[in-house]
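# Survey of secondary and tertiary structure
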Amino acid sequence: MKCIDAVEGLIISVLKEFFSEYCPSRDDSEYTLNVKIILKAADRFVREHKEIIGDPEILTKILYEHARELWITDMMKRHLPEETDIEKERDYYTYYFDHLYTQGVYPP
């Protein structure tokens, strides 16, 4: 196993465990803030150890998309009525998560 695979696997495992313990009982903005902290720590680690990966942004993107997908899947499972346009709702939840993550506040 390559070092980058180990780092990616470890952080994905942390994100899954964090999600299962933290969501759905807590506030969405707190979840995204804590995900941001986890991803910043992973990003800092791989930037400080350049021998692990040439482009740390690739890892950050993969981890971010994984954390977002965990959250979106859960939100859609808990909040969507059966007769819903799934793609439209997925797009909204993607926007919602991205906005919370980048801005730290709920979208308008």
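One structure accompanies this document, and this report is about it. (Residues numbered from 1 in each chain as written. Predicted model: local features only at pLDDT ≥ 70, side-chain atom pairs only at ≥ 80, totals over all residues. Heavy atoms only, no water.)

## Let's talk about the nonpolar core
Proteins that are soluble and globular tend to have nonpolar side chains buried together. Counting 30 residues, the largest nonpolar core has Leu-15, Tyr-31, Val-35, Leu-63 and Trp-71 as its most contacted members. Residue assignment for this core shows that the elements contributing at least two residues are helix H1 (3-22), helix H2 (28-48), helix H3 (56-79) and helix H4 (86-103). (Core = buried A, V, L, I, M, F, W, Y, C linked by side-chain atoms within 4.5 Å. Buried < 20%, exposed > 50% of the residue type's maximum accessible area, 1.4 Å probe, protein only. Helix = DSSP H or I, 4+ residues; strand = E, 2+ residues; numbered from the N terminus.)

## Some thoughts on the pattern of salt bridges
Taken as a whole and judged by the stated rule, the model has six salt bridges. For the salt bridge of Asp-43 with Arg-47, the shortest nitrogen-to-oxygen distance reads 2.7 Å. Residue Asp-43 and its partner Arg-47 are both found in helix H2; the two are separated by four residues, about one turn of the helix. Looking at Asp-43, the relative accessible area reads 18%, which means it is buried. Residue Arg-78 is joined to Asp-74 by a salt bridge in which the shortest nitrogen-to-oxygen separation is 2.7 Å. Here Asp-74 and Arg-78 lie together in helix H3, a separation of four residues that amounts to about one turn. A residue is classified by how much of its surface remains accessible, and Arg-78, at 38% relative accessible area, is partly exposed. Among the residues examined, Asp-74 registers a relative accessible area of 13% and is labelled buried. Each of Asp-43, Arg-47 and Glu-57 takes part in salt bridges that share partners, so that together they form one network. (Salt bridge = Lys/Arg side-chain N within 4 Å of Asp/Glu carboxyl O.)

So far we have only geometry, and geometry alone does not tell us how the molecule works.
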